[in-house]
Amino acid sequence: MIRFSKVNKWYGTYHALVEISQEVGKGEVVVVCGPSGSGKSTLIRTVNRLEEIQKGEITLDGTDVHDKSVDLNHFRTKVGFVFQQFNLFPHMSAVDNVCLAPIKVLGKSKAEAKRRAMALLERVGLAHKASSYPQQLSGGQQQRVAIARALAMEPPVMLFDEPTSALDPEMVGEVLNVMKSLARDGMTMMCVTHEMNFAREVANRVWFMDHGQLIETGTPQAFFSNPTSDRAKRFLSEIGSH
């Protein structure tokens, strides 16, 4: 579904992504982890061109993402993206936040978009908050609305960029539970997260990054019990000590 081939990115002289080559299969859940500044968020943001690359190729379902002829707005309808900050429109209710893109971009009728939005809010456990505004919702609730909003475009791929890192600890679980249910339903997902228990439980594969490089990949079982690189061993022992 997603293929990285010798992907490189620089910020000025800083080499942020170094020769990344790897694939995410259809229906696969990949968790990207590593220390701060390792390039995880940069990598995931190249998939829908929030970040440009200077060298290499990324394809999504056969489309060359960084080809200049790609209609970016149309392409992004196929990639759900959930950010660290929830980015909901503060002047719109939860249901209207979820309805907006299907109406404006997909041309759905208001009635049809609202029906779908209510079903999605039900799915993330927030149908009873449909008419609430973002400031009336907890952080965990706002993030669940953001996930419903991304799903409203019916994307074949969902990307999560540290979706729980702005949340209070007691709200993390409610967001991870929604992500787990998506994984169970066979959604193709790439998740940048520090939630290692989520990686253990849900990921098909873990990608470990450091200094812009993909150091190792493996099943959660292999990665957590028997990492091959010294850098991953150090990373896991540091996490364990916390």
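For the structure itself, look to the data block above.
Residues numbered from 1 in each chain as written. Predicted model: local features only at pLDDT ≥ 70, side-chain atom pairs only at ≥ 80, totals over all residues. Heavy atoms only, no water.

A.B. asks: I'd like to hear about the overall build of the protein, residue by residue, with values.
C.D. replies: The helix and strand inventory of the protein stands at 9 helices and 10 strands. Here the C-alpha radius of gyration of the protein, 18 Å, is about what a compact globule of 242 residues would show, namely 18 Å. With the C-alpha coordinates of the protein rotated into their principal frame, the extents come out at 55 × 45 × 30 Å. Considering the protein as a whole, with its 242 residues, one finds that 52% of them fall into the buried category. Contacts in the protein between residues far apart in sequence, at least 24 positions, make up 66% of those at least 6 positions apart. Accessible surface, the protein as shown: approximately 11300 Å² in total, 47% of it carbon and sulfur. Averaged over its 28 positive side-chain charges, the protein has a centre that lies 3 Å from the centre of its 26 negative ones. (Helix = DSSP H or I, 4+ residues; strand = E, 2+ residues; numbered from the N terminus. Rg over C-alpha atoms; globule rule 2.2 N^0.38 Å. Buried < 20%, exposed > 50% of the residue type's maximum accessible area, 1.4 Å probe, protein only. Contact = heavy atoms within 4.5 Å. Areas by Shrake-Rupley, 256 points an atom, 1.4 Å probe, with all protein chains shown as cover. Lys, Arg positive; Asp, Glu negative; His and termini not counted. Charge placed at Lys NZ, Arg CZ, Asp CG, Glu CD.)

A.B. asks: Any chance you could break down the nonpolar core for me, citing the residues and the numbers?
C.D. replies: Counting 51 residues, the largest nonpolar core has Leu121, Ile147, Met158, Phe160, Met179 and Met189 as the members making the most contacts within it. Element by element, the count of residues in this core is highest for helix H6 (residues 169-184), at 8 residues. The residues contacting Leu121, other than those within four sequence positions of it, are Ala94, Val95, Val98, Leu126, Ala127, Ala130, Val145 and Ala148. Ile2, Val32, Phe81 and Val192 belong to the second largest nonpolar core, which has 25 residues in total. (Core = buried A, V, L, I, M, F, W, Y, C linked by side-chain atoms within 4.5 Å.)

A.B. asks: With reference to specific residues and values, describe the pattern of salt bridges.
C.D. replies: Counted under the stated rule, the structure contains 13 salt bridges. A salt bridge links Lys108 to Glu154, with the nearest nitrogen and oxygen atoms 3.7 Å apart. In this pair, Lys108 sits in the loop between helix H3 (94-104) and helix H4 (110-123) while Glu154 sits in the loop between helix H5 (139-151) and strand E7 (157-161), placing the two residues 46 residues apart along the sequence. A residue is classified by how much of its surface remains accessible, and Lys108, at 25% relative accessible area, is partly exposed. The class for Glu154 is partly exposed, based on a relative accessible area of 47%. (Salt bridge = Lys/Arg side-chain N within 4 Å of Asp/Glu carboxyl O.)

A.B. asks: Any details on the sheet that holds strand E10 (residues 213-218)? Residues and values, ideally.
C.D. replies: Read from one edge to the other, the open sheet built from 6 strands follows the order E6-E7-E8-E3-E9-E10, with strand pairing classed as mixed. Where the open sheet ends on each side, the last strands, each with one partner, are strand E6 (79-82) and E10. Strand-to-strand twist across the sheet, computed as the mean angle between neighbouring axes with direction ignored, equals 15°. Pairing geometry for strand E3 (residues 29-33) and strand E8 (residues 188-192), over 4 bridges, is parallel. (Pairing = 2+ DSSP bridges. Axes fitted to C-alpha atoms, helices over the stretch in contact; angles between N-to-C directions.)

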